[in-house]
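What follows is the residue order along each chain.
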Amino acid sequence: MTRLSQTLLPTERQPPADAEAISHQLMVRAGLVRQMGAGLWSWLPAGWRAHQRVVGIIREEMERIGSQEVLMPVLQPAELWKRTGRYDAIGGELFRLKDRRDADMVLAMTHEEAMTNHVAQIVRSYRDLPFSLFHFQIKERDEPRPRAGVLRTREFIMKDAYTFDRDEAGLQAQYERFREAYARVYDRSGLRWYEVESDTGMMGGKRAHEYMAPCAAGEDDVVLADGGAVYAANVEVASADPQPVTLPDAPDAPVRVETPGTRTIAKLAAHLDRPAGALLKAFPVVVSGSEAYADGVVLLLLRGDHEVVDVKLAKALGGTVRQANEDEIRDRIGPPGFLGPIGADVPVVVDAAVEATGTGAWVVGANETDVHLDGVVLGRDFAYDVVDVRAVVAGDTVDGTPVTIEPAIEVGNIFQLMTRYSEPLDATFLDEDGKTHAIVMGSYGIGPARIVAAAVEQFHDERGIAWPKAIAPYEIEVVGLGKPGGDEAAAAERVYDELREAGFDVLLDDRAGGAGSKLADAELLGAPLRITVGKRSLADGRVEAQIRRGQETIEGGLPLDGLSDAVRELWERVP
RNA sequence: CGGGGAGUGGCGCAGUCUGGUAGCGCACCCGGCUGGGGGCCGGGCGGUCGCAGGUUCAAAUCCUGUCUCCCCGACCA
């Protein structure tokens, strides 16, 4: 029963004043969601239908690869999280509370601990492996900054799946099956998407992929070569060949140049009439917990036209990294604004793009106020290690193909956890020889709400949402024009009944409104196909049809006689 | 956590500077007209102005405190 006259669909003409992202504006305007607090959202009937259609697709694809659905609690004893170390490792993002007996509890932000704990109790033998489990469950995360409506919230439903194998080869096999399943999920949902290599982050483990849906409200930047066909990676891990810069020939030794007041690359480039890419930017950092470097200051050099990526830097140096403060800089290197490797009392690392640029003379700070050194040659004038830590920029190349950078929202990710959770939680099994091994795990997440919001971001126009047909709240909206109780309304009822019987999800606008507001609401809500029943075409025994995406009106409409067949045929080419 | 902005009916806003009985558009209710692109006329309902305290004869408006929300950054499986 989906008659608009009896449906809670609170459409708004104006978006909330604080809505910035398009999906945020449209989802509220179309009556899909309502906000309760920062990062806390309720789903209204139409929005929940879209969400549940995404859930349905995911469930089918999980079951297709043999994963089994379960359900685990959100409220969990902190004990488990203490055993894996995450109770202390995770900061304010983890909701912590106490129960009436004063026991520490947490609200789960993900379910590795819960899942691994159960498997540890159940699995004994290699004969029990491999298998995989998944569930749809609420996750609670005290996000520092919820934003963009439903795109980044503090409470959301996630499908998370976990695989359990006896060895890495088994994990690889399951991982590949999940990659294929994920591709089918995103293809079926109708999104534009990319699979990119990603950082393993705090989850630990070995390999990881993210699934990114490009859209303006995206939080991540993705590097793409040939639209993702040649290369696709998050900028946090991406590598590419830098754009060329011509370096002057080097003299026999560095030359002092007076550079008064040129504390920035831009000023220095102007002063010396040299491209920024021919200058070396010095970036002093303090490393700790690294095996390769003693705790303390390290000086990073990168091309003047490049920026450092913190994630890549931390990984390259093998520890945690922060920017050095002014005292540390003056103490160990020189005056800020004129820093350089020569004479610096710290290890020097050089970004790979500097070496890749070629041989020739570089300009660096002289560690002396208002002085730089020109004609500096890598290796000859100072020793260094090479690290790849810079941010790829648009126009760089991968295998000769130039890259572009697009904002995108992460709609899913997969991780090879290895034994990160099975070891601390004693999830082990006995092999054929009676030897004990830790179970090798993978974890696989998808956020259905983000798929919904990303679809709205990707498919909308000035009039509203234009849903992909696989996840639209309603497949067809039948708009009855004319007076309530009139011929047009009666015909619309018959069309509604026939299309429902034909198996479509149909919404009938049977409200007593004017044509303008009905058609405007239909376009805002964005059903992929609209059937309009009005006297113009009814006189010829026909109804009008419009494909929402691109506002394509079907020439001549569709005949009432044999309507469901005609709609089925048309449906085939609705996006 | 740092920076910026905002809390006045369901939504969007004015009023605050300069204190004096809380307004507008849309939505909503009633009646009528209209019935193919948010239509028209008439009549209505609805707000302790985020909260608390203070100043004052009088506070949406001034002062103090506090809560909440949004944006940018930091942060973020």
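Nothing here was measured: the structure is a model prediction, and the numbers come from that model.

**Student:** Where do I start with the domain arrangement of chain A in this structure?
**Tutor:** If you check the domain split of chain A, you get domain 1 (34–70 + 115–236 + 405–456), domain 2 (255–387) and domain 3 (467–571). Each of domain 1 and domain 2 has a C-alpha centre, and these two points are 39 Å apart.

**Student:** Explain the pattern of salt bridges here, please?
**Tutor:** A pair can form between side chains of opposite charge whenever their charged atoms are brought close. All told, the structure shown has 39 salt bridges when counted by the stated rule. The partner of glutamate 307 in a salt bridge is lysine 281, with the nearest N and O atoms 3.6 Å apart. With a gap of 26 residues between them, glutamate 307 in the loop between strand E15 (296–303) and helix H8 (310–317) and lysine 281 in strand E14 (residues 280–288) connect regions that are remote in the sequence. For arginine 511, the salt bridge identified is with aspartate 521, shortest N-O distance 3.1 Å. Of this pair, arginine 511 sits in the loop between strand E29 (506–509) and helix H13 (515–525) while aspartate 521 sits in helix H13, placing them 10 residues apart in sequence. According to the relative accessible area criterion, arginine 511 is partly exposed, its value standing at 27%. On the accessibility criterion, aspartate 521 (16% relative accessible area) is buried. Ionic contacts of the salt-bridge type, sharing partners, join the residues Glu60, Glu61, Arg64, Arg184 and Arg188 into one network.

**Student:** Could you clarify how one ought to interpret the nonpolar core in this entry?
**Tutor:** Among soluble globular proteins, nonpolar side chains are generally buried collectively. Counting 58 residues, the largest nonpolar core has Leu32, Met62, Tyr182, Tyr186, Val411, Ile451 and Trp467 as its most contacted members. Residues lining this core come from more than one domain, with at least three contributed by each of domain 1 (34–70 + 115–236 + 405–456) and domain 3 (467–571).

**Student:** Explain the sheet that holds strand E13 (residues 255–258) here, please?
**Tutor:** In any sheet, the strands associate via hydrogen bonds between backbone groups, in a parallel or an antiparallel arrangement. Pairing in this open sheet of three strands is antiparallel, and the strands run E13-E19-E18 from one edge to the other. This sheet does not close on itself; its edge strands, each paired only once, are E13 and strand E18 (362–368). Across the sheet, the axes of successive neighbouring strands diverge by a mean angle of 35 degrees, strand direction being ignored. Judged from the four bridges that link them, E13 and strand E19 (residues 371–376) form a sheet pairing that is antiparallel. Among the inter-strand pairings, arginine 256 is bridged to a residue of E19, identified as leucine 373.

**Student:** Please explain the sheet that holds strand E4 (residues 75–77) as it appears in this structure.
**Tutor:** Taken together, three strands build an open sheet; the order of strands is E4-E6-E5 and the sheet is antiparallel. Looking along the sheet, the strands with just one partner apiece sit at the ends: E4 and strand E5 (95–98). Each strand of the sheet is rotated relative to its neighbour by a mean of 35 degrees, with strand direction disregarded.

**Student:** Even after reading the chapter, I still don't get the packing of aromatic side chains, so can you show me in this structure?
**Tutor:** Between two aromatic rings, the relevant description is the distance of the centres plus the angle of the planes. What the rule picks out here adds up to 13 aromatic pairs. Between tyrosine 182 and tyrosine 186 the ring centres are 6.0 Å apart and the planes differ by 80 degrees, which places this aromatic pair in the edge-to-face class. Of this pair, tyrosine 182 and tyrosine 186 both sit in helix H6 (residues 168–189), four residues apart, which is roughly one turn of the helix. Judged by centre distance (5.6 Å) and plane angle (45 degrees), the rings of tyrosine 186 and tryptophan 193 are tilted. Through a chain of ring-to-ring contacts, the aromatic side chains of Tyr175, Phe178, Tyr182, Tyr186, Trp193, Tyr211 and Tyr444 assemble into a single cluster. The ring centre of tyrosine 87 lies 5.0 Å from the NZ or CZ of lysine 82, which sits over that ring. Cation over ring: arginine 420 sits above tyrosine 421, and NZ or CZ is 4.7 Å from the ring centre.

**Student:** For this particular structure, what's the right way to read the packing of helix H2 (residues 45–64) against H6?
**Tutor:** Each packed pair of helices is defined by two parameters, the angle between the axes and the distance between the axes. The geometry of H2 relative to H6 is characterised by a closest axis approach of 9 Å and an angle of 155 degrees between their N-to-C directions. Taken together, the axis directions place H2 and H6 in an arrangement best described as roughly antiparallel. Between H2 and H6 lies a crossing of right-handed hand. Note on element contacts: H6 touches H2 through Phe178, Ala181, Tyr182, Arg184, Val185, Arg188 and Ser189, opposite Ile57, Ile58, Glu60, Glu61, Met62 and Arg64.

**Student:** I'm lost on helix H7 (residues 265–272) in this one. Help?
**Tutor:** In an α-helix, one turn spans 3.6 residues; hence positions three or four apart end up facing the same way. Those residues of H7 that fall on the buried side of the exposure criterion are Ile265, Leu268 and Ala269. Buried residues of H7, viewed axially, fall in a sector of 100 degrees; they line one side. Facing away from the buried side of H7, by more than 90 degrees, are the exposed residues Ala266 and Ala270. Of the residues that open H7, the one with a side-chain oxygen 3.2 Å from the backbone nitrogen of lysine 267 is threonine 264. Looking one or two places after H7, you find aspartate 273, whose phi comes out positive at around 55 degrees.

**Student:** I keep staring at the packing of helix H1 (residues 22–29) against helix H11 (residues 448–458) and nothing clicks. Help me out?
**Tutor:** Taken N-terminus to C-terminus, the directions of H1 and H11 make an angle of 100 degrees; their axes are 8 Å apart at the nearest point. Here H11 runs roughly perpendicular to H1, going by the angle between their axes. For the pair formed by H1 and H11, the contact residues are Ile22, Ser23, Leu26 and Met27 on the first element and Val452, Ala453, Val456 and Glu457 on the second. Residues belonging to the contact of H1 with H11 are distributed by class as follows: six nonpolar, one polar and one charged.

Thresholds applied
Residues numbered from 1 in each chain as written. Chains lettered and ligands numbered in written order. Predicted model: local features only at pLDDT ≥ 70, side-chain atom pairs only at ≥ 80, totals over all residues. Heavy atoms only, no water. Domains from an automatic or database assignment. Salt bridge = Lys/Arg side-chain N within 4 Å of Asp/Glu carboxyl O. Helix = DSSP H or I, 4+ residues; strand = E, 2+ residues; numbered from the N terminus. Buried < 20%, exposed > 50% of the residue type's maximum accessible area, 1.4 Å probe, protein only. Core = buried A, V, L, I, M, F, W, Y, C linked by side-chain atoms within 4.5 Å. Pairing = 2+ DSSP bridges. Axes fitted to C-alpha atoms, helices over the stretch in contact; angles between N-to-C directions. Phe/Tyr/Trp six-rings, centres within 6.5 Å; stacked < 30°, edge-to-face > 60°. Lys NZ or Arg CZ within 6 Å of the ring centre and 35° of its normal. Parallel < 35°, antiparallel > 145°, perpendicular 65-115°, else oblique. Left-handed = near helix turned anticlockwise from the far one by under 90°. Contact = heavy atoms within 4.5 Å. Arc of directions from axis to C-beta. Polar contact = N/O pair within 3.5 Å; in protein donor to acceptor, adjacent residues only side chain to side chain. Nonpolar A, V, L, I, M, F, W, Y, C, P; charged D, E, K, R; others polar.

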